[in-house]
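These are the residues of each chain, in order.
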Amino acid sequence: MDKNDPDYHMNEPKMEKDYSESVTALLPEVEQLASGGQIPQALEKLHALEKKTRSAGDLSSTSQLLVRIVSVCGDSGSWALLEQEVAAMAKKHGQLKQAIAKMVQSAMEYVDKTPDEQTRVELIEALRTVTEGKIHVEVERARLTRMRVAIYELKGQIKEACETLQEVQVETYGSMDKREKTDFILEQMRLCLAKRDYIRLAIISHKINPKFFQTDGTEDLKLRFYELMIQYDLHEENYLEVCRHYKQVYETNAIKDDTAKWPAVLQNMVLYLVLSPYGNEQSDMLHRVQKEDHNLEKLELCAQLVKGFTTMELTRWPAVESIYGGEFRKTDVFSAQTEDGNKRWLALRDRVIEHNIRVIAKYYTRASTQRLTELLDLPSDDVERFLSKAVVDGTIYARIDRPAGVVNFAKPSDSEEQLNGWASDVSKLLGLVEKTTHLIAKEEIVNKIARAI
């Protein structure tokens, strides 16, 4: 470590004596002993000098010695000894924090050099024990945890992998790079999804601020995040959120500039938008997609479908099924081969019927139940069910007179509304009278002037 580094003396005792020359003189001797297989003798010499450098607060020399202790054990394949030495050095009285960090980082390099899985796991666990509860090696502990989780996952132990990774709260780590932190949280989300722990996944997803994805070089993380969120909201059947996620994916440069990728993403965005329950936000987004996205015109069927839902005209379900069924039933959204695909196809039918009910409510004040069954292509019981749902959702006003078989869509006005209407009519009438009086006076003046001439 450079002694001019601003972090050199940070939170460490002041150096009383410089042992760099002693370390430089000792290392060749240690190297000779280690190469000759005299590991205990080499470690003994390193321990003796390490105690002096530690007591003197010589961070650079202590770090070099600890790293050399690790390399002597690791290069000789003494894995159990390596674990013991790392644990012992970390517990030494007055051990320098940055020296421990250097030692742990050096030991981590030997994880991939272990001869078998059991030895690797033992070394990882030993290092995790050393780093537990120490803020100066929190990043190293997080990386070791990911190594351990990878081994769990290879063995198919998803539950253990998920629980182990969740032990690490990287969002509180100030020393970890934001990209690595986000990548770690995405791994937590992925394992929660694999474990089907959707509640935990939703909680963890809030630890990521989507504004982070606006910075350069984060597109891969952005796509991973929204892919996981799409899977979550599909499970929750929250189609409007799924549409928003696809919109974020679609607006990513890597997708929008790739002619092979954007059509499928845009199609999914439109289909899930149409599947979303009617509301102000859904309706606004549907109109904006139709007006602002010129790529939609290149997807003829999607453009027709959006037009059908934005135009206040009846869209008969049998016609929709015949026009779109052949193509859309081959997509993942409406796949005829999956239960979810068939479920979403029935949901699309419901959205078409709900759209038709809104159209009827706009143009009719009263309609017979028999007429509605013809317009909606539904039996009378289903007509009543869909009407009731639309009324409860607040999208239309309707009252059903069952004995008469009539549905009234005209909302009766209360006394206050009637008074406001009359006041408005009187104001309009007075305005017209005033305008007429003005025009008559203007005409009289023009005629007087003409006669005078």
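Heads up: these notes are all about the structure in this document. All chains use their own residue numbering, which begins from 1 and follows the written sequence. With the structure being a predicted model, the display of local features is reserved for residues of pLDDT at least 70 and the display and counting of side-chain atom pairs for 80 or more, all residues being used for whole-chain, interface and lining totals. Hydrogen atoms and water are omitted, and side-chain values are computed over all heavy atoms in the structure.

For the rest of this paragraph, the subject is the overall build of the chain. Counting its regular elements, the chain contains 21 helices and three strands. The quantity called the radius of gyration is restricted to C-alpha atoms. Its globule counterpart is 2.2 Å times the number of residues to the power 0.38. For 453 residues, the compact-globule estimate of 2.2 N^0.38 gives 22 Å, and the C-alpha radius of gyration of the chain, at 37 Å, exceeds that figure by more than 25%. Among the 453 residues that make up the chain, the fraction classed as buried is 43%. Restricting the contact set of the chain to residue pairs at least 6 apart, pairs at least 24 apart contribute 60%. Surface exposure of the chain reaches about 25400 Å², of which carbon and sulfur atoms provide 50%. The way it works is that DSSP assigns letters per residue, a run of H or I at least four long becomes a helix, a run of E at least two long becomes a strand, and they are numbered from the N terminus. Working definition: with a 1.4 Å probe on protein chains only, accessible area under 20% of the residue-type maximum means buried, over 50% means exposed, and in between means partly exposed. The contact definition used throughout considers only heavy atoms, calling two residues in contact when any of these lie within 4.5 Å. Only the protein chains shown count as cover for residues, and all accessible areas are computed by the Shrake-Rupley method using a 1.4 Å probe.

Contact pair helix H7 (residues 138-154) / helix H9 (residues 178-195): the axes reach a minimum separation of 12 Å and the direction vectors enclose 30°. Taken together, the axis directions place H7 and H9 in an arrangement best described as roughly parallel. Of the two elements, H7 crosses H9, and the hand of that crossing is left-handed. Here H7 contributes Val139, Ala142, Arg143, Arg146, Val149 and Glu153 to the contact with H9, which in turn contributes Glu180, Asp183, Phe184, Glu187, Arg190 and Leu191. Within the contact of H7 with H9, the residues separate by chemical class into five nonpolar, no polar and seven charged. For helices, the fitted line uses only the C-alpha atoms of the stretch in contact; every axis is such a line through C-alpha atoms, and the angle between N-to-C directions lies from 0 to 180 degrees. What sets the label is the angle itself: under 35 degrees gives roughly parallel, over 145 gives roughly antiparallel, 65 to 115 gives roughly perpendicular, and the rest give oblique. The crossing is said to be left-handed when, going from far helix to near helix, the turn is anticlockwise and less than a right angle, and right-handed when the turn is clockwise. Polarity classes work like this: nonpolar for Ala, Val, Leu, Ile, Met, Phe, Trp, Tyr, Cys and Pro, charged for Asp, Glu, Lys and Arg, and polar for all others, with Gly in that last group.

A few words on the nonpolar core. One finds Met189 and Tyr272 to be the most contacted residues of the largest nonpolar core, which totals 70 residues. Among the elements that take part in this core, helix H14 (residues 262-275) stands out by supplying ten residues, more than any other. Residue contacts for Met189: discarding those within four places in its chain leaves Leu201, Ile204, Ser205, Ile208, Phe225, Leu228 and Met229. Among the nonpolar cores identified, the runner-up in size contains 42 residues, and Val23, Ile39, Ala42 and Cys73 belong to it. Among buried residues, those of type Ala, Val, Leu, Ile, Met, Phe, Trp, Tyr and Cys that are joined through side-chain atoms within 4.5 Å constitute a nonpolar core.

A few words on the side chain of Gln267. Within the secondary structure, Gln267 sits in helix H14. If we skip the residues at most four places from it in the chain, Gln267 touches Leu299, Cys302, Phe328 and Thr331.

Glancing now at the packing of aromatic side chains. The criterion for an aromatic pair is that two Phe, Tyr or Trp rings (for Trp, the six-membered ring) have centres within 6.5 Å, with stacked assigned to planes under 30 degrees apart, edge-to-face to planes over 60 apart and tilted to the rest. All told, the structure shown has ten aromatic pairs when counted by the stated rule. With centroids separated by 5.4 Å and ring planes inclined at 55°, the aromatic side chains of Trp317 and Trp345 adopt a geometry described as tilted. Here the residue Trp317 occupies a position in helix H17 (residues 317-328), and Trp345 occupies one in helix H18 (residues 339-363), the gap between them amounting to 28 residues. Here Trp345 falls in the buried class, since its relative accessible area comes to 7%. A cation over an aromatic ring shows up here: Arg385 above the ring of Phe386, its NZ or CZ 4.6 Å from the ring centre. Only lysine NZ and arginine CZ atoms are considered, and such an atom sits over a ring when it is within 6 Å of the ring centre and within 35 degrees of the ring normal.

Turning our eyes to something else, we now look at the pattern of salt bridges. The salt bridge criterion pairs a side-chain nitrogen of Lys or Arg with a carboxyl oxygen of Asp or Glu, the two atoms within 4 Å. A complete count under the given rule lists 30 salt bridges for this structure. Close ionic contact of Lys261 with Asp258 constitutes a salt bridge, the shortest N to O distance being 4.0 Å. Accessibility expressed as a relative area gives 25% for Asp258, which makes it partly exposed. Of the charged contacts, one joins Glu384 and Arg402 as a salt bridge, the two residues approaching to 2.1 Å between their closest N and O atoms. One end of the pair, Glu384, is in helix H20 (residues 380-393); the other, Arg402, is in the loop between strand S2 (399-401) and strand S3 (406-408), and 18 residues separate them in sequence. Among the charged side chains, a network of salt bridges with common partners joins Arg146, Glu153, Asp183, Glu187, Arg190 and Arg224.

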